[in-house]
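# What the coordinates show
So you can see what is in the structure, the chains are spelled out below.
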Amino acid sequence: MSACSAYNDEKGGSSNTGEPEYGHDPASGGIFSSDYKRHDDLKEMLDSNKDSLKLEAMKRIVAMIARGKNASDLFPAVVKNVACKNIEVKKLVYVYLVRYAEEQQDLALLSISTFQRGLKDPNQLIRASALRVLSSIRVTIIVPIMMLAIKEAASDMSPYVRKTAAHAIPKLYSLDPDQKDQLIEVIEKLLADKTTLVAGSVVMAFEEVCPERIDLIHKNYRKLCNLLIDVEEWGQVVIINMLTRYARTQFLNPNHNESLLEESAEKAFYGSDEEETEEKDEKEEVAALAKRKPYVMDPDHRLLLRNTKPLLQSRNAAVVMAVAQLYFHLAPKAEVGVIAKAQVRLMRSHSEVQYVVLQNVATMSIKRRGMFEPYLKSFYIRSTDPTQIKVLKLEVLTNLANETNISTILREFQTYIKSMDKDFVAASIQAIGRCATNIGEVRDTCLNGLVQLLSNRDELVVAESVVVIKKLLQMQPAQHSDIIKHMAKLTDNIQVPMARASILWLIGEYCEHVPKIAPDVLRKMAKSFTNEEDIVKLQIINLAAKLYLTNSKQTKLLTQYVLNLAKYDQNYDIRDRARFIRQLIVPTEKSGVLSKYAKKLFLALKPAPVFESPFKDRDHFQLGSLSHLLNAKATGYQELPAWPGMAPDPSVRNVEVKEAVPEWTKCSSREKRKEKVEKPFYSDSEGESGPTESADSESELPSEMESGGGSESEEGGSGSGSEESDEGSESGKEKKKKPEKIKVRKTLPESAESELSGEEEKRKRKERKASSESSSEEEEESSSESSSSESESEEESESEPETKKKKKISLSKPVPKQPKKEISLLDLDDFIPTPSPQVTPINNIVSNSLATDLQGLSLTDSALSPTMISPSFSSVKTYELLHRITGEGLAVEYCFSRQPYSLDPHMVAVQIQFSNNTDTEAKSLRIQEPKLMSGMRMQEFPEIEVLAPGETVTVVMGIDFCDSTQAANFQLCTQTRKFYVSIQPPVGELMMPVFMSENEFKKEQGHLMGMNEINEKLTMGEKCQSDHAIVQRVTSAANLSRVPCGSDREYRFAAKTVASGSLVLVTVVTKEGMAAQLTVNCEKMVIGTMLVKDILQALSQ
Amino acid sequence: MIHSLFLVNSSGDIFLEKHWKSVVSRSVCDYFFEAQERASEPENVAPVIPTPHHYLISVYRHKIFFVAVIQSEVPPLFVIEFLHRVVDTFQDYFGVCSEAAVKDNVVVVYELLEEMLDNGFPLATESNILKELIKPPTILRTVVNTITGSTNVGEQLPTGQLSVVPWRRTGVKYTNNEAYFDVVEEIDAIIDKSGSTVTAEIQGVVDASVKLTGMPDLTLSFVNPRLLDDVSFHPCVRFKRWEAERILSFIPPDGNFRLLSYHVSSQNLVAIPVYVKHSISFREGSSLGHFEITIGPKQTMGKAVEGVLVTSQMPKAVLNMNLTCTQGAYTFDPVTKMLSWDVGKINPQKLPSLKGSMSLQTGASKPDENPTINIQCKIQQLALSGLKVNRLDMYGEKYKPFKGIKYMTKAGKFQVRT
């Protein structure tokens, strides 16, 4: 119904409502009826006491607003209905009010009292919506009322109302900027809020009102980091962007040394020598400085990086981009790589998203080329891409080009040149030019290719090639006089002015290389001078001048003719130039000084042009921002500050104990009085946000726990250096608090559930205290347990050498994680029967999700089979399958890629690389007559139809070796020849890594004793001293994954064989001196024995 | 943040405007129209257009431009992502997002936009919350509303926004409890002239349709989770659990949603499901060209290839095509020069082929490039990467749900260069 009514209003279409007709039929309605008359019916409907009529009228009015029609004269009639009972009418009235209040300020005031009443409503949602509409009415008179309402709402007990208050802040600020100081107070208050619901909105308000007040963030920094993952997606974007700026002012540059090195290298590439030496001086200075002070990352800096990383997996492109820019601007160089994958993923999205992402990738790929190199092929262009996407992809491809991949890239470019999209072809030609200037090896190839394009039928293509060739030739003109000659001939055909101008410039510049042709070209040009474009005319004058100086005998008259023509040209630039040049080159009595130097002026050696990416140096804008995209500062853009030279005091982020705890302590002494205030604290901040946190991120216990309840204080302690004393006093307090809390529970039965999480945390925390660990230590431990990636934990431990020592000590006595969980589960069971009916569903979620999460955490859970993981480490050894000489030019190599073979999980993936070194095509490469031991199977790679000369192709085949090191023999056939080859796997490649916990490892090891265990003593090699070296040696010898281990003298690894899935467990225990003991447990003794041999060899080398 | 929104149709009419702050005159769209005119295709309109006082950020979907007006710095992706979310919501509400649908439901659209943004900052974008606030129009409800005068706006105030799981409504009830998961993989590939793969990668999604009573807590595990190289999740998935165990654990939203999208590592492991044999040639000086393509299955693991559609943008010089196909039907649009051949199912015994001649513009020179061939196809019951769901378990509710998993492989951006 709304459908018809919306479009009938102009015709007064009340026929479907049963209203009397209002005297204008559809035919005359649109043109002659005046506005007020047309709206009469609406007014009458609004005044009626039937809700359905009012609704109908409002719908039609809203439809008018939607189409941009003016409905302001209905204001009095509409505003009367602001207190209407019907909720839809009310909402539509709000829509109308917000739209027109600015124009009808006096009348709008009539509605204010309704909202003021709404602000006092017991229902939080009504309070929120009243505040929302009230703050949206842009009438200056009500500023004090709004201010009051916001202040009140900011301390409302409902987080939803507080969120609305945060939203209202920028509205009021835009209405009256004088209120800034008061608003900052409100922002400060709301920033301290602990609920995820408020966090995003208040940071948004902060960014709009007072982005320069970075000091307000200090105290909330750690909380924001910890809440981040649970904040709604839009809030995440705003918070991450703000934190990027914050981190830039508070932490030291993690890449201080690298970035300078890199920069100087880049400068050397583009810039002149002078700069380089300067840079060197600076570099030395910095190096000296760095020596004095080794860089240690601030734990808060690490916290930010760690807590944002999971958000790379967000479904929201804006969030992913925000994290990517944060890593790009803040992370140590070695860690930035993680964002590449996510960015490439975004490229699958809508074309607008692609457009923005590609812009950012283009900038990043200049600074950090290595990051995107593995994804080169994802930037290949499809004919269906929109032109703007094509051009950006081209940009990225060009940035990624280097000596190793240039041949593939150029081959791609060759297909692009043939595209039907001519703008894109032009861009491709420029890209080729840039590759040629940047990579010396391919310059001649590119030049030849471009010269071939000169005979292209499309004029645009030719013109673009000419322009690019001109630039390339400037680099080494002497060798290419034939190209210049060829281009001289083109002047007869090419009409594109830019190209003509380029050719003329070239001939003029290198006229000594083409002494015969140059004057002839000038002659032709002189003939057509009057019909040329301005840009061409200028170059003709230029050519004439140069020829006059070098070859005045032949060209004197021609030059004068050209100059005379130019003297009377319509364009004043050309007239001006002609006059100038005549004075300069034609010797007269008056012109003295300069004409002597004319030759030097015109024929001076010019530096070769630099093809620069338009994205170079764009990274001084914060990536992902509007300003970066436009390459111009947008209004309201906050500069990304430079890294500070000295780290500001990190203790500003420590949160005082008193500030965080008071609500707990107070409640004990004045329990009854406080009850009212206390209630919201539990039911909202804990009951609503607490559970999510604990449910979603239980495995990262320590860091997440801080976000709940009053545990803020502890966090502050752990970050700073003086935690020992702090913690001591704190744990004392905690003990005191305990009995009090039980009392609280009695008084507030409905908050039992929500309190539970706090309770549980407290207990855990106490236990943790008992084993005297600081939270950061356990964080490390849990991360190394939960995440399978060794590299990460290693990095962490490297960056925090001090904590590592502590870790070793604490880890030697294994932490009793098990009992902790049991306790919490028991607790849950205790509390489930009591919750109040209103919160029941939520409670259920919490308990269930918590339970499952905990279950996931429990490491001995037998239901969980060891999960396979992708290899954490790969240094791939290549073996030769067919030598170049025996293969008559066909060389074949293979390696074990350690990737799972997707077609059959029992097969080992073997990556085979064919390279054709002959100068004929090798056709139909395939496998024939595999001669395999019984039980072995082979999945052949698809036949390679053609392998062009000089090309290399990689394919993957799968072989089921049946867990034996027997060789797989087969014939490798080309169209003409057959070669007998065999692949023999090292024993270490017959397995794939599995992830298991320490406990699982021990349990499994217990099953594999006796005959299945092989012990061997060994002496470590010279270079096997560090942890890293040992792990690396073992993992490169065999495809194993590391298992976390409590002792620092022990290294454990696990894998299972590919074919039969039997477990392989490896333990290396280092002893005094260079001695060590190696233990391998494996059901298959043969494999075990062989593996021992291999690892022994690897370690003792 | 977002100041105003204009909806513009392809002929350049503004058919809806909405302002969240003070009113911005619709003349600001003139800058957009200029850009629209300059671009040859609607897809080529730049997504971000700077004007003297504002910035216009637009997305183009369903033949409608959604133009957002921005006044100050904001991450462009923030706006673009939001606009796409608006389109998705419209589609969710009205079935289609077209100009007609928006005009027919203008009031609902307005109410939605009002709820989605507050002062230009996203407020409620989760479809579950929105559906509690504003009920989607159905024919039945429209009829009932007309008779009884009741409304589309939810009588109850929404509680979803206050929940810890904002994506799920409370008190969901079904008589048949079902949870269906579709594993859909798309293969993107570029095949070069000689038939070898230039690049190929698999992108997959797990779409779910969950209709379960109460607050179920699901876990979904894969047989071979290592295949997944890069993943992105619906916010309901517990990330830590995935990190540690490679198990998807989540409280599902009610109804249809995308649980997971993933990328399979682009090693050379990708099996190419179809191949194309082609011979397309233009002769210099002749007004006739030869055209022949044959399509056949390659590595399909024994499954049938269905729904094959071949399209190709022919060069401008081609006036008409005179072809015969052994299967399906073909069309050639002489205006857009688009050839499309609807093949249907491929029978491996008798491969479908399309051949004949092209008539070229007389006098026009031979086109430089042969057209690229785009292929769409699908294979049922197969996930090309080999991904397999191991098991699905439900906790937290007593009943036994009906579970189902379906696999499908589709050709995504599958292009053959000729």
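Residues numbered from 1 in each chain as written. Chains lettered and ligands numbered in written order. Predicted model: local features only at pLDDT ≥ 70, side-chain atom pairs only at ≥ 80, totals over all residues. Heavy atoms only, no water.

Chain B appears in an unreviewed UniProt entry as AP-3 complex subunit mu-2 from Acipenser ruthenus.

## Comments concerning the pairing of strand 20 (residues 353-360) of chain B
Within a regular strand, the side chains alternate between the two sheet faces. Residues and elements named next belong to chain B. In terms of strand pairing, strand 15 (residues 288-297) meets strand 20 through 7 bridges, oriented antiparallel. Considered in strand 20, the bridge of G289 is made with M358. In terms of strand pairing, strand 17 (residues 318-325) meets strand 20 through 7 bridges, oriented antiparallel. In the strand pairing of strand 20, C325 is matched with L354. (Pairing = 2+ DSSP bridges. Helix = DSSP H or I, 4+ residues; strand = E, 2+ residues; numbered from the N terminus.)

## Examining the pattern of salt bridges
Counted according to the given criterion, the structure contains 48 salt bridges over all chains. A salt bridge links R898 of chain A to E989 of chain A; the shortest N-O distance between them is 3.2 Å. With a gap of 91 residues between them, R898 of chain A in strand 3 (residues 890-900) and E989 of chain A in the loop between strand 10 (978-983) and strand 11 (991-995) connect regions that are remote in the sequence. The exposure class assigned to E989 of chain A is buried, which follows from its relative accessible area of 10%. Measuring nitrogen to oxygen at the nearest pair gives 3.5 Å for the salt bridge that ties R85 of chain B to E81 of chain B. Placement of both R85 of chain B and E81 of chain B in helix 2 (residues 76-94) is noted, with a separation of 4 residues, approximately one turn of the helix. (Salt bridge = Lys/Arg side-chain N within 4 Å of Asp/Glu carboxyl O. Buried < 20%, exposed > 50% of the residue type's maximum accessible area, 1.4 Å probe, protein only.)

## Examining the state of the cysteines
Taken as a whole and judged by the stated rule, the model has 0 disulfides over all chains. Summary of cysteine pairing: C435 of chain A is not part of a disulfide, and the nearest cysteine sulfur, belonging to C446 of chain A, is at 6.5 Å. (Disulfide = S-S within 2.5 Å.)

## Here's the deal with helix 26 (residues 443-453) of chain A
Residue and element names in this part refer to chain A. All of the buried residues in helix 26 are R443, C446, L447, L450, V451 and L453. Angular distribution of buried residues about the axis of helix 26 spans 150°; they occupy a single face of the element. The secondary structure elements touched by the buried residues of helix 26 are helix 24 (406-417), helix 25 (422-438), helix 27 (459-473) and helix 28 (481-490). (Arc of directions from axis to C-beta. Contact = heavy atoms within 4.5 Å.)

## Here we look at the packing of aromatic side chains
Taken as a whole and judged by the stated rule, the model has 26 aromatic pairs over all chains. Each ring, one from Y60 of chain B and one from F65 of chain B, has its centre 4.5 Å from the other, and the planes form 40°; the classification is tilted. Summarising the burial analysis for this pair, Y60 of chain B and F65 of chain B share the class buried. Following the ring pairs from residue to residue traces out a cluster consisting of W234 of chain A together with F78, F82 and F121 of chain B. Above the face of the Y100 of chain A ring, R99 of chain A is positioned so that its terminal group lies 4.6 Å from the ring centre. A cation over an aromatic ring shows up here: K388 of chain B above the ring of Y407 of chain B, its NZ or CZ 5.7 Å from the ring centre. (Phe/Tyr/Trp six-rings, centres within 6.5 Å; stacked < 30°, edge-to-face > 60°. Lys NZ or Arg CZ within 6 Å of the ring centre and 35° of its normal.)

## Regarding the confidence of the model for chain B
Residues and elements named next belong to chain B. In the predicted model, chain B carries a mean pLDDT of 84, and the fraction of residues at 70 or more is 91%. Looking across chain B, the model is least confident in helix 6 (residues 139-148), with a mean pLDDT of 60, and most confident in strand 5 (residues 64-70), with 92. Two summary scores accompany this predicted model of the complex, namely pTM at 0.66 and ipTM at 0.90. (pLDDT = per-residue confidence, 0-100.)

## Describing the interface of chain B and chain A
In this complex, chain B contributes 123 residues to the contact, which on the side of chain A involves 131 residues. For the pairing of chain B and chain A, the buried interface totals around 11,400 Å² over both sides, and the portion due to carbon and sulfur atoms is 57%. Summed over the shared surface of chain B and chain A, the result is 10 salt bridges. Residues K171 of chain A and D118 of chain B are paired through a salt bridge, measuring 2.9 Å at the closest nitrogen-oxygen approach. Counting residues per element, the side of chain B that touches chain A draws most heavily on helix 2 of chain B, which supplies 8 residues. Each residue belonging to the side of chain B that touches chain A can be placed in one class, and the counts come to 53 nonpolar, 34 polar and 36 charged. (Buried area = accessible area lost by both parts, 1.4 Å probe. Nonpolar A, V, L, I, M, F, W, Y, C, P; charged D, E, K, R; others polar.)

## Concerning the side chain of T311 of chain B
Residues and elements named next belong to chain B. Assignment of secondary structure puts T311 in strand 16 (residues 305-313). With a relative accessible area of 16%, T311 lands in the buried category. Apart from the residues lying within four places of it in its own chain, the contact partners of T311 are M338, L339, S340, T372, I373 and N374.

## Remarks on unusual backbone geometry
Among all residues except glycine, the phi angle is most often negative; among peptide bonds, the trans geometry is most common. A positive phi angle is found at D963 of chain A, which is not glycine, with a value near 55°. Along the chain, the position of D963 of chain A falls in the loop between strand 8 (952-960) and strand 9 (968-973). Given a relative accessible area of 9%, D963 of chain A falls into the buried group. Phi at N119 of chain B takes a positive value of approximately 55°, unusual for a residue other than glycine. Here N119 of chain B is to be found in the loop between strand 6 (117-118) and strand 7 (121-122).

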